[in-house]
Amino acid sequence: MEFTAKQIAELIGGKVEGDENATISTFSKIEEGTPGSITFLSNPKYTHYLYTSHASVVIVNEDLTLEQAVSPTLIRVKNAYESVAKLLQLYESMKPKKKGIDSLAFISPKAKVGNDCYVGAFAYIADGAVIGDRCVIYPHAYIGEGVTLGDDCIIYPHATIYYGCQLGSRVTLHGGSVIGADGFGFAPGADGYDKIPQIGIVKIEDDVEIGANACVDRSTMGCTIIHKGVKLDNLVQVAHNCEVGENTVMSAQVGIAGSTKIGQWCMFGGQVGIAGHITIGDKVILGAQSGAPGSIKSDQTLIGTPPMPQTPYFKSQAIFRRLPDMYKELHALRQELDDLKKNLTVES
């Protein structure tokens with residue numbers, strides 16, 4: 001389908017600067033723009049591409065100041081990134097939806113599947129599972145006994161939901177993700193480690209998205225809870241009995257140890273590690289590879305292990321790189337001081 005710059009501007013509340021009849025039919029990155037495509041500019045690091053881009057339309061922030069003329073038509077908006085996200089969501093919603101049950105899928109006679117669902121070949125839906133309306137379950141997905149899914153969920157290939165877990169509406173699980181595997185509970189004994197049965201479940205609320213090969217473990221007792229709006233990147237690990245607050249986001253390879261509570265609207269960079277049995281407040285931002293051994297109060301932006309504010313952290317890192325030279329200087333000063341002491345002793 002084709003759209004004009006004017007139509008797009010009306011959709012996202014923008015102002016056209018240039019040819020309002022410029023047409024687009026696809027998306028592109030700004031550095032790879034082609035005629036007929038639309039792209040965006042939100043990061044100042046990419047501004048130089050605007051002057052060479054061959055895209056037909058570029059969405060930019062309304063406060064952008066041009067240093068020279070540009071060939072694409074511009075649509076100025078308050079937030080270019082949010083506007084593109086809105087367009088991409090619209091584009092995704094226009095794709096035809098899969099429906100129907102493949103003849104090679106297995107659905108237990110004791111399971112319930114809602115209206116207008118799609119279940120692909122070799123997907124497995126076990127006894128007592130309840131699937132809401134308009135869910136899309138791709139081939140080789142596994143829905144265990146007694147699992148419940150709300151409406152409009154998407155379960156991608158090889159995603160696994162263990163028995164008894166509860167998912168709300170509009171939950172997306174990407175390929176290889178595992179919901180409800182046993183928490184890591186073992187008690188040391190005389191002959192090794194005795195497994196502690198994990199008899200709880202995982203509860204995932206509405207509008208949660210979980211990336212490929214991410215894992216959320218079932219609780220020892222009660223629930224591991226992922227509250228609404230949470231987004232987990234690929235390879236994230238959430239251990240048993242954790243609770244993740246609303247609209248928190250975690251980048252790849254974040255690890256949360258057991259029985260930890262994470263607040264609302266937190267943002268964790270890649271490979272952040274959180275110790276067990278602690279509390280992280282609301283709106284905490286942790287930079288990549290930070291490690292939190294203890295609880296953190298709300299409304300802080302931290303980095304490092306243990307986490308500290310950014311300015312002291314970067315100053316500390318600058319000093320750390322100089323430590324070998326500083327050690328040599330200290331050693332030389334000690335030697336000089338020892339020589340002075342010897343000379344003073346001889347003179348006295």
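Our structure is the block above this text.
Residues numbered from 1 in each chain as written. Predicted model: local features only at pLDDT ≥ 70, side-chain atom pairs only at ≥ 80, totals over all residues. Heavy atoms only, no water.

K.L.:
What is the right way to read the overall build of the protein from this model?
P.N.:
When you go through the protein residue by residue, the secondary structure sums to five helices and 40 strands. In terms of overall dimensions, the protein has C-alpha extents of about 100 × 75 × 30 Å along its principal axes. Split into buried and exposed, the 348 residues of the protein put 39% on the buried side. Considering only contacts in the protein between residues 6 or more positions apart, those separated by 24 or more positions represent 17%. (Helix = DSSP H or I, 4+ residues; strand = E, 2+ residues; numbered from the N terminus. Buried < 20%, exposed > 50% of the residue type's maximum accessible area, 1.4 Å probe, protein only. Contact = heavy atoms within 4.5 Å.)

K.L.:
I would appreciate a short explanation of unusual backbone geometry in the present structure.
P.N.:
Where the residue is not glycine, phi is negative for most of them; where a peptide bond is considered, it is trans in most cases. Looking along the chain, the bond that leaves T305 and enters P306 is cis, with omega of -10°. The residue P306 is located in the loop between β39 (301-303) and β40 (308-309) in this model. One non-glycine residue, D116, adopts positive backbone phi at about 60°. You can see D116 is positioned in the loop between β10 (112-113) and β11 (118-119). A relative accessible area of 46% places D116 in the partly exposed class. With a phi close to 70°, Q253 is a non-glycine residue in the positive phi region. Its location among the elements puts Q253 in the loop between β31 (249-250) and β32 (255-256). For Q253, a relative accessible area of 40% corresponds to the partly exposed category.

K.L.:
Please clarify how the pattern of salt bridges should be interpreted in this entry.
P.N.:
Any two side chains of opposite charge can pair, given that their charged atoms come close. Applying the stated criterion across every chain yields a total of nine salt bridges. Between R170 and D206 there is a salt bridge, with the nearest N and O atoms lying 3.9 Å from each other. Here the residue R170 occupies a position in the loop between β19 (166-167) and β20 (172-173), and D206 occupies one in the loop between β24 (201-204) and β25 (209-210), the gap between them amounting to 36 residues. Between D182 and K195 there is a salt bridge, and its shortest N-O distance comes to 3.0 Å. Linking D182 in the loop between β21 (178-181) and β22 (186-189) with K195 in strand β23 (residues 192-195), this pair joins segments that are 13 residues apart in sequence. Salt bridges here are not isolated pairs; linked through shared partners, they connect K29, E31 and E32. (Salt bridge = Lys/Arg side-chain N within 4 Å of Asp/Glu carboxyl O.)

K.L.:
Which parts of the structure should I look at to understand the packing of aromatic side chains?
P.N.:
The relation between two aromatic rings is expressed through the spacing of the ring centres and the mutual angle of the planes. In total, this model carries nine aromatic pairs according to the counting rule given. For the ring pair Y118 and Y138, a centre distance of 6.0 Å and an interplane angle of 70° mean the geometry is edge-to-face. You can see Y118 sitting in strand β11 and its partner Y138 sitting in the loop between β14 (136-137) and β15 (142-143), a full 20 residues away along the chain. A centroid spacing of 5.3 Å and a plane angle of 70° characterise the contact between Y313 and F314, whose relative ring orientation is edge-to-face. (Phe/Tyr/Trp six-rings, centres within 6.5 Å; stacked < 30°, edge-to-face > 60°.)

K.L.:
I tried to follow the nonpolar core on my own but got confused; where do I start?
P.N.:
Buried together is how nonpolar side chains tend to be arranged in soluble globular proteins. Of all hydrophobic cores here, the largest spans 52 residues; its most connected members are I143, I155, I161, F268 and I274. Once residues within four sequence positions are removed from consideration, F268 is found in contact with V249, M250, S251, V254, I256, I262, I274, I280, V284 and L286. Of all hydrophobic cores here, the second largest spans 14 residues; its members include A5, I8, A9 and V57. (Core = buried A, V, L, I, M, F, W, Y, C linked by side-chain atoms within 4.5 Å.)

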